[in-house]
Each structure stands twice: as C-alpha cells, then as structure tokens.
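Commentary on secondary and tertiary structure
Each chain, written out:
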Amino acid sequence: MDGVGKLEAGEGVRRAGTVTLAEAEETAADGRITDGFTLAVLYRARLAGLLGPAPGPGVGGCGPNHLG
C-alpha cells in the first residue's frame, strides 16, 4: 500500500497509517484497535483465509487459549 486517502473527520478519524499484518493483529488483540469496522475486517479476512496461515496459540494474542 502506497498511502491512505482523505480522512473522514466527520467519522472521528484523526489519523491513519500502515502497519504489518502482525502489528494489526497484535494491536487488535491487546485493545489498541477499538473501532468495530477495523476489528470486523481483520476477523473476516482471517476467517476467509485471506491472511495466510493463522498464528499459533499465544502469538499476537490469537489462539484458543487467549482470554482477552
């Protein structure tokens, strides 16, 4: 990705940036990503197999033993 488009200030978006997939999953798991749209997109992409193999238990907060 080369960049981001115009931010939707009316939607409360104050800043945007790019991160690796591992960083996105880590920040979602530890609560730094809080908006529902981003969380849903990450989850649906993971379920659809679009993000490659799932990380193992405990990696990036993902896995069957992660309690939140």
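The structure under discussion appears in the preceding block.
Residues numbered from 1 in each chain as written. Predicted model: local features only at pLDDT ≥ 70, side-chain atom pairs only at ≥ 80, totals over all residues. Heavy atoms only, no water.

A word on helix 2 (residues 36-47)
- The end-to-end C-alpha distance of helix 2 is 16 Å, a good match for the 16 Å that twelve residues give at a rise of 1.5 Å each.
- Restricting attention to buried positions, one finds in helix 2 the residues Leu42, Ala45 and Arg46. Taken end-on, helix 2 shows its buried residues confined to a sector of 105 degrees, consistent with a single buried face. For helix 2, the exposed residues set more than 90 degrees away from the buried face come down to Phe37, Tyr43, Arg44 and Leu47.
- Check the buried side of helix 2 and you find it contacts helix 1 (21-29).
- Taken from the residues just after helix 2, Gly49 is the one with a positive phi, measuring 75 degrees. (Helix = DSSP H or I, 4+ residues; strand = E, 2+ residues; numbered from the N terminus. Expected span 1.5 Å × (residues − 1). Buried < 20%, exposed > 50% of the residue type's maximum accessible area, 1.4 Å probe, protein only. Arc of directions from axis to C-beta. Contact = heavy atoms within 4.5 Å.)

Concerning the pattern of salt bridges
- Applying the stated criterion across every chain, the model contains three salt bridges.
- Here Glu25 and Arg46 are joined by a salt bridge, their closest N and O atoms 2.7 Å apart. Taken as a pair, Glu25 in helix 1 and Arg46 in helix 2 lie far apart in primary sequence, 21 residues in all. This pair shows no difference in class: Glu25 is buried, exactly as Arg46 is.
- Within this structure, Glu26, Asp30 and Arg32 form a network of salt bridges that share partners. (Salt bridge = Lys/Arg side-chain N within 4 Å of Asp/Glu carboxyl O.)

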